[in-house]
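Chains, contacts and geometry: an overview
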Amino acid sequence: MASDVLTYSPSNVKLILVGYILTGVVSINVAWKGSKPFTTHRGIRGKHTRVYNPEQYATVTVEVLQTSITNDILTSIVGQDRKTRSARLEFSIVDTSGSTKLQSTNCFIQGYPDVVLNGDLTTRKWEFECLSFLD
């Protein structure tokens, strides 16, 4: 009996920001900040029920090599947002070898990352706030 063996390849994970595939990405972390999709509430006469919560809010932390042009692009976006206060970004995380696909049209970059300049190659961590995700 043959079975499919699934594998994970980091090079198949694409981070797409407003149609541009970001390069030099070391890691991506999605931290869900919203509540659980369902919560249990006590109803009348002691019966419980579940209530749906459509909120899908998350913080996405993207670690990028300090030498990547992605840092220049994200720095420019934050600078423009500070001037116009109108950045609303389209953001997608796609695993082309798997089924993971997260997409949002309502994201913004929290601000500039900490910058460390020393003799070692370091990374910069950019934080995106995604206020909702598409189903």
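Heads up: the structure comes first, above all this text.
Owing to the predicted nature of the structure, the values given are computational and were not obtained by experimental measurement.

Here we come to the overall build of the protein. Within the protein, the secondary structure is distributed over one helix and nine strands. Over its C-alpha atoms the protein spans a radius of gyration of 19 Å, topping by over 25% the 14 Å that the globule rule assigns to 135 residues. Projecting the C-alpha coordinates of the protein onto the three principal axes gives extents of approximately 65 × 55 × 30 Å. A burial count over the protein gives 27% of its 135 residues as buried. Counting contacts in the protein only where the partners sit at least 6 residues apart, residues at least 24 apart contribute 65% of the total. Accessible surface computed for the protein: about 9400 Å², of which carbon and sulfur atoms make up 51%. Looking at charge distribution, the protein has the averaged site of its 14 positive side-chain charges lying 12 Å from that of its 12 negative ones.

Here we take up the sheet that holds strand β2 (residues 20-21). Picture the strands of a sheet paired through backbone hydrogen bonds; they go either parallel or antiparallel. Overall, antiparallel pairing links the seven strands, which are arranged β2-β1-β7-β8-β9-β6-β3 in an open sheet. In this open sheet, the two strands that pair with only one neighbour each are β2 and β3 (25-32). Examined bridge by bridge, β3 and strand β6 (residues 58-65) share seven bridges and lie antiparallel to one another. Each bridged residue has a counterpart across the sheet, and for Trp 32 the counterpart in β6 is Ala 58. In the packing of helix α1 (residues 70-84) onto the sheet, the strands contacted are β1 (13-17), β2, β6, β7 (89-95), β8 (101-109) and β9 (123-130), and the crossing angle to β9 comes to about 45 degrees.

What follows is about the state of the cysteines. Two cysteines, two sulfur atoms, one covalent bond between them: this is a disulfide. In this structure the tally under the stated criterion is one disulfide. Across the disulfide, Cys 107 is cross-linked to Cys 130 (sulfur-sulfur distance 2.3 Å). Its S-S torsion of about 110 degrees marks the bond between Cys 107 and Cys 130 as right-handed, since a negative value means left-handed. Of this pair, Cys 107 sits in strand β8 while Cys 130 sits in strand β9, and the two are 23 residues apart along the sequence. Classification of Cys 107 by relative accessible area gives buried; the value is 1%.

About the criteria used
Sequence order sets the numbering: in each chain, residues are counted from 1 along the sequence as written. The predicted origin of the model limits local features to residues at a pLDDT of at least 70 and limits the giving and counting of side-chain atom pairs to 80 or more, whereas totals for whole chains, interfaces and linings rest on all residues. No hydrogens and no water enter the side-chain calculation; it runs on all heavy atoms of the structure. Helix and strand assignments follow DSSP, with helices taken as H or I runs no shorter than four residues and strands as E runs no shorter than two, numbered in order from the N terminus. Only C-alpha atoms enter the radius of gyration, while the globule expectation follows 2.2 Å times N to the 0.38, with N the number of residues. Each residue is assigned to one of three classes by its accessible area relative to the maximum for its type, calculated with a 1.4 Å probe on protein chains only: buried under 20%, partly exposed between the two thresholds, exposed over 50%. Any two residues whose heavy atoms approach within 4.5 Å at even a single point are treated as in contact. Under the convention used here, a 1.4 Å probe and the Shrake-Rupley method define accessible areas, while residue burial counts only the protein chains that appear. Note on charges: Lys and Arg go in the positive column, Asp and Glu in the negative column, and His and the chain ends are not counted at all. Note on charges: their place is set at NZ of Lys, CZ of Arg, CG of Asp or CD of Glu. Between any two strands, at least two bridges found by DSSP are needed for them to pair. Fitted lines through C-alpha atoms serve as axes, helices being fitted only where they are in contact, and the angles separating the N-to-C directions of these axes extend from 0 to 180 degrees. By definition, disulfides here are pairs of cysteine sulfur atoms that lie within 2.5 Å.

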